[in-house]
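Summary of structural features
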Amino acid sequence: AQSVTQLGSHVSVSEGALVLLRCNYSSSVPPYLFWYVQYPNQGLQLLLKYTTGATLVKGINGFEAEFKKSETSFHLTKPSAHMSDAAEYFCAMDQAGTALIFGKGTTLSVSS
Amino acid sequence: KAGVTQTPRYLIKTRGQQVTLSCSPISGHRSVSWYQQTPGQGLQFLFEYFSETQRNKGNFPGRFSGRQFSNSRSEMNVSTLELGDSALYLCASSLAISGRAGSEQFFGPGTRLTVL
């Protein structure tokens with residue numbers, strides 16, 4: 001069955017430290033992949049997407065993700081965390097006939 | 001370009017009542033999807049509409065229904081409300097149907113439904 005797994009429901013980093021949020025997917029064919037961010041009491045904002053082509057994808061706010069087919073992974077990274085990055089992050093995949101399938105989300109906390 | 005708008009933003013209903021939520025997509029977007037977000041179940045897909053036709057449906061009871069109009073605006077309806085229907089209902093729009101180029105979804109702020 002198609003699914004998205006986010007490893008770690010809560011990640012804590014210090015300001016300026018590397019951010020790494022992990023996402024693995026299960027799919028019979030390479031899907032489209034997305035990362036979304038959600039701030040409290042708001043909807044989801046698209047950070048970046050992978051469809052085809054370059055496997056390293058750059059998004060907004062300094063985030064990037066790398067699609068690794070052999071590892072069925074799409075981890076999200078940011079070299080230097082900022083306090084404003086504290087939010088909940090969702091990995092999602094998109095396939096014809098299924099709409100978006102979301103992971104359970106990872107809450108990112110950033111301390112000064 | 002204006003984003004996805006949802007009305008109302010907050011609703012309080014009692015068990016047994018019904019509710020209608022509205023979503024206006026980004027101009028030019030023909031696909032509208034609905035999701036339910038709860039702390040326990042996370043984000044769950046309700047349905048997807050494209051050109052006034054329901055293209056995909058999630059695993060929800062028949063009390064949940066939706067429709068899309070010719071201007072791409074969409075409504076979802078929940079009848080005979082239960083306590084467990086309390087959630088944030090999110091609407092998203094996209095240029096294309098899921099699985100196709102241009103299918104990235106843009107979300108509205110959501111409608112917070114509380115059932116008492």
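This text goes with the structure placed above it.
As the structure is a prediction and not an experimental result, all values here were calculated from the model.

**Brief notes about unusual backbone geometry**
Looking along the chain, the bond that leaves Thr7(B) and enters Pro8(B) is cis, with omega of -10 degrees. Its identity is not glycine, yet Asn61(A) carries a phi of approximately 60 degrees, on the positive side. Checked against the element boundaries, Asn61(A) lands in the loop between strand 6 (56-58) and strand 7 (64-68). Here Asn61(A) falls in the partly exposed class, since its relative accessible area comes to 45%. Positive phi outside glycine occurs at Glu52(B), with the angle close to 70 degrees.

**Structural notes on the nonpolar core**
If you look at the biggest cluster of nonpolar residues, it comprises 27 residues, and the most contacted ones within it are Trp35(A), Leu47(A), Leu48(A), Phe74(A), Leu76(A) and Tyr89(A). Elements with a contribution of two residues or more to this core: strand 2 (10-14), strand 3 (19-26), strand 4 (32-38), strand 5 (44-50), strand 7, strand 8 (73-78), strand 9 (87-95) and strand 11 (106-111) of chain A. Once residues lying within four places of it in the same chain are set aside, the contact partners of Leu47(A) are Trp35(A), Tyr36(A), Val37(A), Gly59(A), Ile60(A), Asn61(A), Phe63(A), Leu76(A) and Tyr89(A). Judged by nonpolar contacts, the second largest core, of 21 residues, contains Leu11(B), Val32(B), Phe64(B) and Ala87(B).

**Some words on the packing of aromatic side chains**
All names here are of chain A. The full count for this structure, using the stated rule, is 14 aromatic pairs over all chains. Ring centres of Phe-90 and Phe-102 lie 6.2 Å apart, and the angle between their planes is 90 degrees; this geometry places the pair in the edge-to-face category. Taken together, the residues Phe-90 in strand 9 and Phe-102 in strand 10 (residues 99-102) connect sequence positions 12 residues apart. Given a relative accessible area of 2%, Phe-90 falls into the buried group. The class of Phe-102 is buried, set by a relative accessible area of 10%.

**Here we look at the interface of chain A and chain B**
With 20 residues of chain A at the contact, the number on the chain B side is 23 residues. Here chain A and chain B share one salt bridge between them. Across the salt bridge formed by Glu104(B) and Lys49(A), the nearest N and O atoms sit 2.4 Å from each other. Counting across the chain A and chain B interface gives five residue pairs in polar contact (both at pLDDT 80 or more). Among the elements that take part in the side of chain A that touches chain B, strand 4 of chain A stands out by supplying four residues, more than any other. Split by residue class, the side of chain A that touches chain B holds 10 nonpolar, seven polar and three charged.

About the thresholds
Residues numbered from 1 in each chain as written. Chains lettered and ligands numbered in written order. Predicted model: local features only at pLDDT ≥ 70, side-chain atom pairs only at ≥ 80, totals over all residues. Heavy atoms only, no water. Helix = DSSP H or I, 4+ residues; strand = E, 2+ residues; numbered from the N terminus. Buried < 20%, exposed > 50% of the residue type's maximum accessible area, 1.4 Å probe, protein only. Core = buried A, V, L, I, M, F, W, Y, C linked by side-chain atoms within 4.5 Å. Contact = heavy atoms within 4.5 Å. Phe/Tyr/Trp six-rings, centres within 6.5 Å; stacked < 30°, edge-to-face > 60°. Salt bridge = Lys/Arg side-chain N within 4 Å of Asp/Glu carboxyl O. Polar contact = N/O pair within 3.5 Å; in protein donor to acceptor, adjacent residues only side chain to side chain. Nonpolar A, V, L, I, M, F, W, Y, C, P; charged D, E, K, R; others polar.

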